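Secondary and tertiary structure notes
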Amino acid sequence: MKVVSSEHETLAFRIAAILLKLNLGDALSRQALADEFKVSERTIYRDLNRLGGIVDKLEDGRYQIAAAYRGKLTSKDLESFARLTGVDQLFPNASQRFLVALLDTLTHSSYLIKGHHYEEPKPHDSQFIQLDEAIQRQRICQLSYAGKPRTLMPYRLVNSKGIWYLAATENQQLKAFTFSRISQLSISNDSFTPSAEIQAEIESNEDIWYSSDKTEVLLTIAPQMAYYFLRRKLLPQQETIKQLENGGLIISSHISHANQILPLIRYWIPHVRIISPAELQLSLENEVKQYFTTA
C-alpha cells in the first residue's frame, strides 16, 4: 500500500491504513509498519494498542485482525470514519472495506463525533461512562439539567464543534443536552425501545439543533466570498441554488432555529445577505444597529 505525502501521515491515516491491511487478512509486524510510515516502533505500538479488542497479537509478535471482525468492514464504516476524522479526501471511492471501529463506535455505540476540536477530558468522566452504558442497555435516565429534574431516553453522546452533548428524547421529543450541565444522574432499571427514525435524525443532522420543522433561508453571497462557500458547506444543510453572472451565489440553508445561522452570517457581514425570510434579515439588521448604538 502506497503511503501518501508526509503532511497526510496523521494518526487517523495510519490507523485507517493499518486496519485496511488487517482486514485484507495480512499479519503485520510493528517494525514493518514503522518503516512504512516512517515513525518509531513505539508509535506503532501505541497505534495498535488503540485497536485493542479489534486486533490480536500472534505468538510470533505480529498482529492480525480479530476473527470476529475479519471481513466485516463496509464502505459505510469507511465513510463514517472519514467524516469523524475529517480525512475523507484520503480514501478512494473504490475502497470497499475498512474500519470497524471504530466499528462498534461508529455504527452501534453511543458515540457520534462531529468536528475536530474535542472537549477534554469528558470521556473519562464517571457520568459519561454511565450514560454510555445507559445508551447501550437502552435504559431510561433521571438527571438534573441546569437545576431542573428531567426524565430522558438517551440515544447518543454527540461531540459537535468540540462540545459533548447528550441526544435524548423527552416526552417523545428529540433534544440535545450539554453534557457539562448534567448532574445527579441516575440510571433506571426501566428500558425503552429506540426509534429508528430518531437514530436517523441524529446521524443525519450536521449539528445538535434537532427539529422536524425546518425553515429554508435564502442568501446572496458576494463574488469575492463565493469561493469559500463553494469549497465547503459553511451553513447548515447548505445548497447552491444559482451562480450569478457577477460571480456571486444564491444559496439555501435549512435551519431549526434562528440562532443556528445568525452567528455564522454575522461573521460574513457585509458579504452575505438574507433574501428570505425577510424577518430574519430584519432581526440581523436590528442586532447590528443595537451593537453600534450601545458600543
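Below is a short write-up of the structure. (Residues numbered from 1 in each chain as written. Predicted model: local features only at pLDDT ≥ 70, side-chain atom pairs only at ≥ 80, totals over all residues. Heavy atoms only, no water.)

1. Regarding the overall build of the chain
Scanning the chain for helices and strands turns up 10 helices and 12 strands. In the chain, which comprises 295 residues, the proportion classed as buried is 42%. Contacts in the chain between residues far apart in sequence, at least 24 positions, make up 59% of those at least 6 positions apart. For the chain, the exposed area adds up to about 16,800 Å²; of that, 49% sits on carbon and sulfur atoms. (Helix = DSSP H or I, 4+ residues; strand = E, 2+ residues; numbered from the N terminus. Buried < 20%, exposed > 50% of the residue type's maximum accessible area, 1.4 Å probe, protein only. Contact = heavy atoms within 4.5 Å. Areas by Shrake-Rupley, 256 points an atom, 1.4 Å probe, with all protein chains shown as cover.)

2. Considerations on the packing of aromatic side chains
Scanning the model with the defined rule gives nine aromatic pairs in all. Both rings, one in Y227 and one in Y228, keep their centres 5.3 Å apart while their planes meet at 70°; by these two values the pair is edge-to-face. Overall, the relative accessible area of 32% leaves Y228 in the partly exposed class. Taking the centre distance of 5.3 Å and the plane angle of 80° together, the rings of Y267 and W268 count as edge-to-face. Judged by its relative accessible area of 64%, Y267 falls in the exposed class. According to the relative accessible area criterion, W268 is buried, its value standing at 16%. These aromatic residues form a ring-pair network of at least three members: Y227, Y228, F229, Y267 and W268. The aromatic ring of Y145 is capped on one face by R181, whose charged end is 5.4 Å from the ring centroid. (Phe/Tyr/Trp six-rings, centres within 6.5 Å; stacked < 30°, edge-to-face > 60°. Lys NZ or Arg CZ within 6 Å of the ring centre and 35° of its normal.)

3. A closer look at helix α2 (residues 30–37)
Taken together, the buried positions of α2 are R30, L33, A34 and F37. For α2, the arc enclosing every buried residue in end-on projection is 100°, short of the 170-degree limit, so these residues lie on one face. Positioned one or two residues after α2, K38 has a phi angle of 55°, which is positive. (Arc of directions from axis to C-beta.)

4. Thoughts on the side chain of Q238
One can find Q238 in the loop between α8 (226–231) and β10 (239–243). A polar contact of 2.8 Å, which involves the side chain of Q238, links it to the backbone oxygen of F229. Beyond its immediate sequence surroundings of up to four residues, Q238 is in contact with F229, R232, K233, I251 and S252. (Polar contact = N/O pair within 3.5 Å; in protein donor to acceptor, adjacent residues only side chain to side chain.)

5. Overview of empty space enclosed by the protein
Evaluated as defined, the whole model comprises one cavity of 30 Å³ or more. Roughly 30 Å³ of volume is contained in the largest cavity. Forming the walls of the largest cavity are N205, E206, D207, K214, P236, Q237, H254 and Q260. Broken down by class, the residue content of the lining of the largest cavity amounts to one nonpolar, four polar and three charged. (1 Å grid on protein atoms, 1.4 Å probe; cavity = no way out; pocket = protein on both sides within 12 Å on 5 of 7 lines; lining within 4 Å. Points joined across faces, edges and corners; volume = space filled by probe spheres on them. Nonpolar A, V, L, I, M, F, W, Y, C, P; charged D, E, K, R; others polar.)

6. Quick word on the nonpolar core
Ranked by internal contacts, the top residues of the largest apolar core, which has 19 residues, are L219, F229, I261 and I274. Those elements giving two or more residues to this core turn out to be β9 (215–221), α8, β11 (249–255), α9 (262–268), β12 (272–276) and α10 (278–294). Apart from the residues lying within four places of it in its own chain, the contact partners of F229 are I221, L234, L235, Q238, L249, I251, W268 and V272. (Core = buried A, V, L, I, M, F, W, Y, C linked by side-chain atoms within 4.5 Å.)

Interpretation in functional terms is not warranted from these geometric data alone.
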